[in-house]
Amino acid sequence: MASQDQISLFELFSPSSEPSPPEGFNPDLIPTDAKVPIPAGTYQTMEQMRVHCNQCFRCALGENRTNAVIGRGNVKAPIMIVGEGPGQNEDETGLPFVGKAGQLLDKILASVKLTENDVYICNVVKCRPPGNRDPQPAEIEACKGYLLEQIRLVNPKIILLTGKYAMLTLLGIKQGITKVRGQWVERDGRLYMPIFHPAYLLRNQSREKGSPKWLMWQDIQEVRKKLDEMEWDG
Ligand code: SF4
C-alpha cells in the first residue's frame, strides 16, 4: 500500500495542478501512516500543502486542530525562520507567530530592517499540541516531510532555528540553546543559526549586556550582516 500511496500523491499534485484544491481532491490519498514518507517534490505550492495539511492525520495532533499552520511571509524569501508548533492564536488564525511572541519577532526583524518580504516563517509541526505541550518525537517525525518540502520550495540562503525542536529536527543538535545560539552551521549549501525563541525573550525582559535580549540583538545584527554579504556576492 505504501508505494500506491506515494504514486497517488504524485498524481494528486502533478506539475499541472492549480494552487487551489485540485478537482477531485481526495483526502483518503493522504498517507495516514507516518512511516510512509512524503517524497521530495510532492508539492509545487504552499497552497497545495496547506490544503493537504488541513486534512492530514499522520499524527494525533490533527484531531484537535482548528487550522493547520503552514507559514507566513514571502515564499521566495532569503531567510526562513523555523519555530516549534502553533499555539492557540496560531491554531485559530492558521498563521504562525501571531501572538505576543510573534509581535516581538516582527519587532526584532524590523530593528535590522527585515520585513515579511525578507522572511518566511513556519514551524516544525503544523498542528497545535494540546495545552501548548512540547511536540513529541513521533509527531515531529510524522510532520518533518512537510517542513523539508517547505525548505525545498522557499530555497532560503539562511535558516534561523528558534528553540530546541527546530535545532533538533533540522540539525540534530541536542545542546542547550544558550550554548549554540548565534553560531553559524553550514549544511547542504545553506547557513543555519540557532536563536532564542521570542517567547523566551518575553519571559526575560532585561536588556543588560549578556542578557537573552541583548544576545538576540547581537545575533540578528549578524544575520543582517551575513545576508548583506551574500546579496553583495550575488
Ligand atoms: S502535525 Fe503534521 S503530521 Fe501531524 S496531523 Fe498535523 S500536519 Fe499531519
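Residues numbered from 1 in each chain as written. Predicted model: local features only at pLDDT ≥ 70, side-chain atom pairs only at ≥ 80, totals over all residues. Heavy atoms only, no water.

Asker: Quick one: what's the story with the side chain of Thr-42, residue by residue and with numbers?
Answerer: The residue Thr-42 is located in the loop between helix H1 (2-12) and helix H2 (46-53) in this model. Owing to a relative accessible area of 0%, Thr-42 belongs among the buried residues under this scheme. There is a polar contact of 2.5 Å between the side chain of Thr-42 and the backbone oxygen of Pro-39. (Helix = DSSP H or I, 4+ residues; strand = E, 2+ residues; numbered from the N terminus. Buried < 20%, exposed > 50% of the residue type's maximum accessible area, 1.4 Å probe, protein only. Polar contact = N/O pair within 3.5 Å; in protein donor to acceptor, adjacent residues only side chain to side chain.)

Asker: Hey, could you go over the pairing of strand S6 (residues 190-195) for me, with residue numbers and the actual values?
Answerer: The side chains of a regular strand alternate, first on one face of the sheet and then on the other. Burial of S6 is extensive: six of the six residues sit out of reach of the surface. Burial of S6 is two-sided: the residues Arg-190, Tyr-192 and Pro-194 facing one way and the residues Leu-191, Met-193 and Ile-195 facing the other way are all buried. Where strand S4 (residues 158-162) lies against S6, five bridges are found, and the strand directions are parallel. Note that in S6 the partner of Leu-161 across the bridge is Pro-194. Bridge count between strand S5 (residues 185-187) and S6: three bridges; the pairing is antiparallel. (Pairing = 2+ DSSP bridges.)

Asker: Describe helix H6 (residues 164-171), listing the residues and the values that go with them.
Answerer: Most of H6 sits inside the fold, with six of its eight residues counted as buried. All of the buried residues in H6 are Tyr-165, Ala-166, Met-167, Thr-169, Leu-170 and Leu-171. Directly beyond the C-terminal end of H6, a positive phi value near 70° is found at Gly-172.

Asker: Break down the pattern of salt bridges for me, with residues and values.
Answerer: Pairs can form between side chains of opposite charge whenever their charged atoms are close. Summed over all chains, the structure comprises nine salt bridges. Residue Arg-72 pairs with Asp-106 through a salt bridge whose shortest N-O separation is 3.2 Å. One end of the pair, Arg-72, is in strand S1 (residues 72-73); the other, Asp-106, is in helix H4 (residues 100-110), with 34 residues separating them in the sequence. A salt bridge links Arg-133 to Glu-139; the nearest nitrogen and oxygen atoms lie 2.8 Å apart. By sharing partners, the salt bridges in this structure join Arg-72, Asp-106 and Glu-116 into a single network. (Salt bridge = Lys/Arg side-chain N within 4 Å of Asp/Glu carboxyl O.)

Asker: Let's hear about the packing of aromatic side chains: which residues, and what values?
Answerer: In total, this model carries two aromatic pairs according to the counting rule given. Plain terms: the ring middles of Tyr-43 and Tyr-146 are 6.2 Å apart, the flat faces sit at 40° to each other, and that makes the pair tilted. With Tyr-43 in the loop between H1 and H2 and Tyr-146 in helix H5 (residues 137-154), this residue pair connects regions lying 103 residues apart in the sequence. Accessibility expressed as a relative area gives 1% for Tyr-43, which makes it buried. (Phe/Tyr/Trp six-rings, centres within 6.5 Å; stacked < 30°, edge-to-face > 60°.)

Asker: Explain unusual backbone geometry to me, and be specific about the residues and the numbers.
Answerer: Peptide bonds are, in most cases, trans, and in most cases residues other than glycine have a negative phi. You will see that Asn-132, though not glycine, has its phi angle at about 60°, which is positive. Relative to the helices and strands, Asn-132 resides in the loop between strand S3 (119-123) and H5. Classification of Asn-132 as partly exposed rests on a relative accessible area of 48%. One non-glycine residue, Asp-188, lies in positive phi territory at about 50°. Take Asp-188: it is sitting in the loop between S5 and S6.

Asker: Give me the lowdown on the environment of Gly-94, citing residues and values where you can.
Answerer: As for its position among the elements, Gly-94 is in the loop between helix H3 (88-93) and H4. The buried category is assigned to Gly-94, whose relative accessible area is 17%. Considered as a pair, Gly-94 and Arg-65 are 29 residues apart in the sequence and their alpha carbons are 9.7 Å apart. In this structure, Gly-94 is in contact with Asn-67, Ala-68, Val-69 and Ile-70, ignoring residues within four places of it in sequence. (Contact = heavy atoms within 4.5 Å.)

Asker: Can you break down the site of the ligand residue by residue, with the values?
Answerer: Around the ligand, the structure places Cys-56, Arg-58, Cys-59, Leu-61, Gly-62, Arg-65, Lys-126, Cys-127, Ala-142, Cys-143 and Tyr-146. Broken down by class, the residue content of the shell around the ligand amounts to seven nonpolar, one polar and three charged. (Near = heavy atom within 4 Å. Nonpolar A, V, L, I, M, F, W, Y, C, P; charged D, E, K, R; others polar.)

Asker: An account of the packing of H2 against H5 is requested, with residue identities and associated values reported.
Answerer: Packed helix pairs are specified by the crossing angle of their axes together with the interaxial distance, meaning the distance between the axes. Between H2 and H5, whose axes approach to 11 Å, the crossing angle comes to 170°. Here H5 runs roughly antiparallel to H2, going by the angle between their axes. Seen from H2, the contacting residues are Met-46, Met-49 and Cys-53; seen from H5, they are Tyr-146, Glu-149, Gln-150, Leu-153 and Val-154. Of the residues in the contact of H2 with H5, the class split is six nonpolar, one polar and one charged. (Axes fitted to C-alpha atoms, helices over the stretch in contact; angles between N-to-C directions. Parallel < 35°, antiparallel > 145°, perpendicular 65-115°, else oblique.)

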